Amino acid sequence: MDPSFTADKAGLLRAVELLASQDGSAPTLQAVPLGLPDSGIGEMAALELLAGPVLRGARNLASADAFAHMDPPTPWVTWAATLWNASVNQNLLHPDTAPVARAIEQRVVDWLSPYFGMDGGHMVPGSTVANLTALWAARDAAGVRTVVASSAAHLSIRKACKILDLKLIEIPTDRRGMIQADQVPADLSACCLVLTAGTTGTGAIDPLALAGRAAWTHIDAAWAGPLRLSGQHAQRLRGIEVADSVAVSAHKWLFQPKESALILFRDAKRAHAALSFGGAYLAAPNVGILGSHGAVAVPLLAMLLAWGRTGFAARIDRCMAHAADLASAIKSDARLQLLAEPETGLVNWRPIDGRTIDDVLARLPTGSASTTVIDNERWMRHVAANPNANLGGLLSVLRGADPSSA
Ligand SMILES: *Cc1c(COP(=O)(O)O)cnc(C)c1O
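Sequence order as written defines residue numbering, which begins from 1 separately in each chain. Where totals are concerned, whole chains, interfaces and linings use all residues; where local detail is concerned, this predicted model gives features only for residues with pLDDT of at least 70, and gives and counts side-chain atom pairs only at 80 or more. Calculation of side-chain values draws on the structure's entire complement of heavy atoms; hydrogens and water are dropped beforehand.

Chemist: Explain the pairing of strand β3 (residues 167–171) to me, please; I cannot follow it from the model alone.
Modeler: Pairing of strand β2 (residues 146–150) with β3, which is carried by 5 bridges, proceeds in the parallel orientation. Across the sheet, V148 pairs through a bridge with I169, a residue of β3. Paired strands, as defined in this entry, are two strands with at least two bridges between them according to DSSP. Helix numbers and strand numbers start at the N terminus; a helix is a DSSP run of H or I with at least 4 residues, a strand a run of E with at least 2.

Laid out in structure tokens, this is it:
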């Protein structure tokens, strides 16, 4: 037996030790050769060499300051589950190569679908693929050739239209990024209407009451979908259950390691029928875009068991409270302008005392802010994806932010 393919307990324990400690090599790729080495340095040396760049060279998404992007920190149980996944390397393409992992994905889909009014679906590597899958189903199950979406819809909608050769009609938004409902064509009987629940730039939710009017309604809830698990916030997405399909990125607000997302359908049987291919060597039809497909449902199932729905809700509610706290601090400062009350954990603001966005950005803690462009102007952007966030550092810069000290 080649020992590289067995569980080397000492090696695995060392890997965990490196993960949990601060030792290891420098956080750069300096020690990694530029060319492919002819002979290897061995497993342990490879781990020691990479611990620095991979672990310490990473942006720390769990730091108290992390408040800039939709990438959350991940709970440690997902790390363990991912290690297990790598070791058994199941392929959900074929029942033979994943006797239980396929059932695990089904269980996760069955558990989550009802929160969105859907009756099934499957997992994909991200909402980019989820959106492409949804528009493919809309085209081939409902026969639509035209997609109607707002100008704030995610760029993956434009990509999907290009790939699927669908015509895209872009509807303008208001300043905070919500589709202008009165600009949506009255007759959508030959269209797929895409509504966004939590736009990427500003977190706006399109009026979901528009759902159900089109031949197919797809709701891109990549970011804000998990609010459905929160008793406090689920109502923000009311109307989502009328959609024909819903995309949710689990590697955003469900705290999953990448690449993990769900495409859910109100009538999964009908949708999957339009997305199915047989194959001589396949025992079950291949549904959707992916061929070989890993068991990304395993870490998600582990967390749904570990935390339950209320555990997810508590973390998401805490993130929402962080966003509300930051928004109220900005509102109470005459030197700062808040774009709008945060609806889904995104906060946008800008200085209105003569400083530029870059002046302010340079003084904010690393990883605490990003920027976006609204009506040709730059705005600060924060995303409450980090339940561990402590806004103290950010708020103290904002409070001390008088122009003379900048
Ligand atoms: C992030 C995002 C996407 C794309 O999802 P990925 O998981 O990054 O592929 C699509 N739509 C919206 C609204 C998003 O925020």
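Now, onward.
Chemist: Just to check I follow, could you spell out the site of the ligand for this structure?
Modeler: Around the ligand, 16 residues are found, and the nearest of them are T128, D220, S249, H251 and K252. Contact between the ligand and S249: an oxygen atom at 2.7 Å from a side-chain N or O atom of the residue. A distance of 2.8 Å is found between an oxygen atom of the ligand and a side-chain nitrogen or oxygen belonging to K252. Among the secondary structure elements, those contributing two or more residues to the shell around the ligand are α5 (127–142) and α7 (250–253). Considering every element that reaches the shell around the ligand, the biggest residue donor is α5, with 3 residues. Residue type decides the class: Asp, Glu, Lys and Arg count as charged, Ala, Val, Leu, Ile, Met, Phe, Trp, Tyr, Cys and Pro as nonpolar, and the leftover types, Gly among them, as polar. Classifying every residue of the shell around the ligand by side-chain character gives 3 nonpolar, 11 polar and 2 charged. Whether a residue is near a molecule or strand depends on its heavy atoms: it is near if one of them lies within 4 Å of it. N or O atoms closer than or at 3.5 Å make up a polar contact, with two conditions inside protein: a donor-capable atom paired with an acceptor-capable one, and, for residues adjacent in sequence, both atoms drawn from side chains.

Chemist: Help me out: how do you make sense of the pattern of salt bridges in this one?
Modeler: Proximity of charged atoms lets side chains of opposite charge pair with each other. Any Lys or Arg side-chain nitrogen located within 4 Å of an Asp or Glu carboxyl oxygen qualifies as a salt bridge. In this structure the tally under the stated criterion is 13 salt bridges. Taken together, the shared-partner salt bridges connect R14, E17 and E48 into one network.

Chemist: Would you explain a nonpolar patch on the surface in this entry?
Modeler: Together, L19, L29, L50, V54, L55, W76 and W79 make up an exposed nonpolar region whose accessible area comes to about 720 Å². At the level of secondary structure, the elements contributing two or more residues to the nonpolar patch comprise α2 (43–56) and α3 (76–88). Sort the elements by how many residues they give to the nonpolar patch and α2 lands first, with 3 residues. Topologically, W76 is positioned in helix α3. A relative accessible area of 61% places W76 in the exposed class. Patch construction takes residues with relative accessible area above 30% that form no salt bridge. Like charges are linked within 9 Å, and nonpolar side chains (Val, Leu, Ile, Met, Phe, Trp, Tyr) are linked within 5 Å. Only the protein chains shown count as cover for residues, with accessible areas throughout obtained via the Shrake-Rupley method and a probe of 1.4 Å. Using a 1.4 Å probe on the protein chains alone, a residue whose accessible area is under 20% of its type maximum counts as buried, one over 50% counts as exposed, and one in between counts as partly exposed.

Chemist: What exactly am I supposed to notice about the nonpolar core here?
Modeler: For soluble globular proteins, the rule of thumb is that nonpolar side chains tend to be buried together. In terms of nonpolar packing, the biggest core is built from 79 residues, with I219, V246, L300, L326, W349 and L364 touching the most fellow members. For the domains described, the bounds stem from an automatic or database domain assignment. Among the domains, domain 2 (90–295) and domain 3 (307–405) are the pair contributing at least three residues each to this core. Residue contacts for L300: discarding those within four places in its chain leaves V108, L112, M123, A250, L254, Q256 and F312. Among buried residues, those of type Ala, Val, Leu, Ile, Met, Phe, Trp, Tyr and Cys that are joined through side-chain atoms within 4.5 Å constitute a nonpolar core. Contacts are residue-level and defined by heavy atoms, with any inter-residue pair within 4.5 Å sufficient.

Chemist: Hey, could you run me through the side chain of H322 in this one?
Modeler: Mapped onto the elements of the fold, H322 is located in helix α9 (residues 297–331). We classify H322 as buried; its relative accessible area is 12%. Residues within four places of H322 in sequence aside, it is in contact with F67, N386, P387, A389 and L391.

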